[in-house]
Amino acid sequence: MTTKPLHFGFTYTPHGAHPGAWRHPDSRHDPFDPAQITAQTQAVEAAGFTFIRFQDQLAPEARAAAHAPEALARTEAFTTASFLATRTKRLGFVVTGNTSYFEPFNLARLTASLDHVTHGRAGWELTSGASYPAARNYSQTEATPEVHYARAAEVLDILRKLWDSWEDDAFIRNKATGEYVDGDRIHPIHHEGERFRIKGPLNVARPPQGQVVVAHEITSDLSYAIAAQADLVFLGSHAPAEIRNRADAMREAVKAAGRAADSVRLFADVIPVLAATPEAAKALLADLNARAGQSADGYVIAGDAKQIADQIEALAETGGVNGINIRSPLLPTQLEAFVELVVPELKARGLWAEPKDGATLRDHLGLDRPANRLTTRADLKAAV
Amino acid sequence: MSNRQLHFGLMFWANGTHPSGWRMPTAHETAPFDIEFLQKVTQIAEGAKFDFLFLGDRLASDPALQTTNPSQMSRLEPFVSAASLAAATSHIGIVVTANPTYYDPYNIAHLTASLDHLSGGRASWNLVTGADEIAAANFSRDEHWDTEKRYDWADEFVEVTRKLWDSWDEDAYDADPVSGARAINHQGRFFNINGPLAVKRPPQGHIVILHAGTSDRSRELGARDADVIFAAGPNIPAAKAYYDDIKARAKKHGRSADDIAILPGMTPIVAPTTAEAVKIYDQLNSFIQIDSEDTAEEHRRYGALGGRGKRNLSNVTRTIGVDVIGRGVDEVVDPLVLKEANEDGQKLFAQITERTRRDVTGANRITYRDLIIAAAGQGGGVVGNPKEVADHIEHWFEARACDGFNIFPAYNPDTVSAFADLVVPILQNRGLYRRDYSGPTFRDHLGLKRPANSLTRTVVAAE
């Protein structure tokens, strides 16, 4: 039996995660209507999800061809998260930022600032150009996955240094003396890497979480090495046995990176197709498949509330994960139904970890606030 | 009563535009990273029906800025800030500064178009290319590009960004999320971009573009592409010459003179009485740190915003052509100094008198501190009671030296509230300024049409 409560994330897909969603008459969701995305995000928060996950789209046609029109367009992830964070209180925001198509200095500012605006509720999901091709929108020629991942590793290193370039007590703000900052607590990073030369410091104060929560999704064998440096790892949307394989491989990778196996939170994604009866759920799934002319890309489970809760529990138990990301197949109705019917069932079983007001995303996930790696003070220096 | 209406922006430097603004007793000294405070100030500006709130930007930091420009030392990233401010307001335009030299067009088009959707058509992009020599070191560059390269790059950057904004048919998304988007297949000197954008056409069609600059290339870019231009004009004749030049260039590019609003910066120090306003002005300047007379070390300049030299008597001596080294900072200035001062010195004295109502004779005397601060180009502003400040604004506006002002808050939030509460109602009563917004978008505030889509298959008429 699973004993620990699970964390729940909500992976946002415009219209719904099923490619037939936008053709379904129940689809009333407009991803460009601020009122609708606000209402949906507030519903996710009210239900007790730990975070909502927004993904970027830097090559819409490539994605649409590979998956579905739902993937074609949506508002940009950082602006969307900041907008919605202002209208929520405790929900975490995990936002993709692509290391192949953003300058590291810009990415560091965006992520650190989102952490300030959300009062420590920000997570950055590192994506690279290896996930999907966008080079043709960035005046680049397509590189190999190895090149994209090497670049990603260097960018992650740079961001971790830039986030630490201002110490927590860098600000003095003494009106009487006129000292605003302590220059000894602000550090250039002098990064000289294979691809980047960044002097620093960042022009943003250290994020409230110290280091923004770093997430990464396993999309290939090359993903594990960089995921081993993350706080939050998304194992993908797969059946329980495959999730188990990935979870085991991930724990090995974390150990190989010299970290404790339980220092990383592992999540699996699931697409729950829910109805009042098992038959109605199957019928809805068949309807969506027929409208799309294909099935959904991912681990789809269909059933009534009890069956969905059973399968989520089984996925967590067999997969050995800390949390589940819900991808609603059809918005807003399938999110509303999940919140109304499945969430109470999971809570009744003690499987739902409820986030608290005033806590950071690290607090919610049970992750420590890291020491500053650039401090010159012995009493604060991170143990290496 | 003229139909022409003033436009106001608020240049939001969280610690104030005065170098010591944050030291004022009521100033909110933690402002730069306090998003709720940013929201509050934006709401004050929206209550005063401002056209826009302006978020400046830099791409580097240096602790040395703390005594010259603390607001420029560190801040929240502007796109993230803007999205939060949009969520906390309903009408005011929100301007984000982004430097194309250090960004990709696809990202800028993506961020700006998204901000326009989230804000319901209130997004704007302030296109800057310069003022950031030290940024190169944060972007793996050996040097900051020269003006020609930066503007060649910026010209194509704007062109391709507009194409990306137009890469969706007007109502394509609503009908069918797939069919209305198209590749732009841009192949230029600097950029090869297929498109389409991953965001449908912004509510404003094209985001409002702001620009500032005095070089020939900058004026051309502004006259061709900008909807709002920030101008620096020390006096009405200089401001008018700039204004006339930009409007003439706009016509040359096939635009109407009314398509561009030219807004010089202005720092109002206003209080119910003139004496109270001067007292605030003096208090602000009393906090400015006087530099040592050691001239060996070059004063560090940070673009055009860093002042005109050290804050000491050596700089005064160089500026006015009279040796005053060794005088006491708070000593009153000998009338002989004014008599012997060169032309720049005469101007400096006149400027100080205009702001402080002090002179080298009479009951209220100019001190060397006044000279030091004025010579360093700091502590500027229009100081006076509400009527005096409103008169100044009306005078510039009616002289067609400007279409309004970009208001610089010396410190926050008091100078913003004072302007909103004391000056705005006078301008409204004079029929010079809106009592309410005429529409929900930034283009509405500026009286600008929504541009037609340049790429659409069946051309949709502009509304």
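Along every chain, residues carry numbers that run from 1 in the direction the sequence is written. Chains carry letters from A onward and ligands carry numbers from 1 onward, assigned in written order. In keeping with the model being predicted, local features are shown solely for residues with a pLDDT of at least 70 and side-chain atom pairs are shown and tallied solely at 80 or more, while totals for entire chains, interfaces and linings include all residues. Excluded from the side-chain calculations are hydrogens and water; all other atoms, namely the structure's heavy atoms, are used.

Draft legend 1. Expanded view of the interface of chain B and chain A. Contact definition: two residues touch when any of their heavy atoms are within 4.5 Å. With 70 residues of chain B at the contact, the number on the chain A side is 65 residues. A simple way to read buried area is as the amount of 1.4 Å-probe accessible surface that goes missing from two parts once joined, with both sides added. Between chain B and chain A, a total of about 5800 Å² is buried, with carbon and sulfur atoms accounting for 59% of that surface. Area buried by chain B at its contact with chain A is led by B:Trp22, B:Val80 and B:Leu118, which between them contribute 11% of it. Notably, a salt bridge pairs B:Glu29 with A:Lys175, separated by 3.6 Å at the nearest N-O pair. Residues adjacent in sequence count toward polar contacts only when both atoms are side-chain atoms; beyond that, a polar contact is any pair of N or O atoms within 3.5 Å, and within protein one must be able to donate a hydrogen and the other to accept it. Summed over the shared surface of chain B and chain A, the result is 31 residue pairs in polar contact (both at pLDDT 80 or more). Contributing elements (two or more residues each) for the side of chain B that touches chain A: α1 (35-47), α2 (78-87), α3 (105-118), α5 (172-175) and β6 (192-193) of chain B. Only one rule defines a salt bridge in this text: a Lys or Arg side-chain nitrogen within 4 Å of an Asp or Glu carboxyl oxygen. Elements are defined by DSSP. Helices are runs of H or I of four residues or more, strands are runs of E of two residues or more, and each kind is numbered from the N terminus.

Draft legend 2. Highlighting the confidence of the model for chain B. Residue and element names in this part refer to chain B. Put simply, chain B has an average pLDDT of 91, and 93% of its residues get 70 or more. The quantity known as pLDDT measures the predictor's confidence residue by residue, on a range of 0 to 100. A low-confidence stretch, residues 296-306 stays under pLDDT 50, and its non-local contacts, those more than four residues away or across chains, total 18 contacts. Counted against residues more than four places away or in other chains, residues 458-463, with its pLDDT under 50, gives six contacts.

Draft legend 3. View of the pairing of strand β12 (residues 404-407) of chain B. Residue and element names in this part refer to chain B. With burial as the criterion, each face of β12 is covered, one bearing Gly404 and Asn406 and the other bearing Phe405 and Ile407. Paired strands, as defined in this entry, are two strands with at least two bridges between them according to DSSP. In the sheet, strand β1 (residues 7-11) pairs with β12 via four bridges, with the strands oriented parallel. Note that in β12 the partner of Phe8 across the bridge is Phe405. Bridge count for strand β9 (residues 261-266) against β12 is two bridges, and the pairing is parallel. Pairing of Gly265 across the sheet is with Asn406, part of β12. Only protein chains enter the accessibility calculation, which uses a 1.4 Å probe; a residue is then buried when its area is under 20% of its type maximum, exposed when over 50%, and partly exposed in between.

Draft legend 4. Structural detail: the packing of aromatic side chains. A pair of aromatic rings is counted whenever rings of Phe, Tyr or Trp (Trp by its six-membered ring) have centres within 6.5 Å, and the orientation is called stacked for planes under 30 degrees apart, edge-to-face for over 60 and tilted otherwise. According to the stated counting rule, one finds 32 aromatic pairs over all chains in the structure shown. On the basis of an interplanar angle of 65° and a centroid distance of 6.0 Å, the ring pair of A:Phe171 and B:Phe33 is categorised as edge-to-face. Taken together, the residues span two chains, with A:Phe171 in strand β5 (residues 171-174) and B:Phe33 in the loop between β1 and α1. Given a relative accessible area of 11%, B:Phe33 falls into the buried group. A centroid spacing of 4.8 Å and a plane angle of 65° characterise the contact between B:Trp145 and B:Trp153, whose relative ring orientation is edge-to-face. For B:Trp153, a relative accessible area of 14% gives the class buried. In this structure an aromatic cluster arises from ring pairing among B:Trp125, B:Trp145, B:Trp153, B:Phe157, B:Phe190 and B:Phe191. In this arrangement the basic side chain of A:Arg53 is found over the ring face of A:Phe234, its NZ or CZ atom lying 4.0 Å from the centre. Distance and angle both matter: a charge sits over a ring if NZ of Lys or CZ of Arg is within 6 Å of the ring centre and within 35 degrees of the ring normal. In this arrangement the basic side chain of B:Lys149 is found over the ring face of B:Trp145, its NZ or CZ atom lying 3.8 Å from the centre.

Draft legend 5. Quick look at the packing of α2(B) against α3(B). All names here are of chain B. Direction vectors running N to C along α2 and α3 enclose 15°, while the axes themselves pass 10 Å from each other. Here α3 runs roughly parallel to α2, going by the angle between their axes. Two packed elements cross with a definite hand, and for α2 against α3 that hand is left-handed. Here Phe79, Ala82 and Ala83 of α2 lie close against α3, whose contacting residues are Ile108, Leu111, Thr112 and Leu115. Three categories are distinguished: nonpolar for Ala, Val, Leu, Ile, Met, Phe, Trp, Tyr, Cys and Pro, charged for Asp, Glu, Lys and Arg, and polar for the others, with Gly belonging to the last. Residues of the contact of α2 with α3, tallied by class, amount to six nonpolar, one polar and no charged. Angles shown run from 0 to 180 degrees and are taken between the N-to-C directions of axes, each axis being a line fitted to C-alpha atoms and, for helices, limited to the stretch in contact. Any angle from 65 to 115 degrees is called roughly perpendicular, while one under 35 is roughly parallel, one over 145 is roughly antiparallel, and all others are oblique. For any helix crossing, the convention is left-handed if the near helix is rotated counterclockwise from the far helix by under a right angle, and right-handed if that rotation is clockwise.

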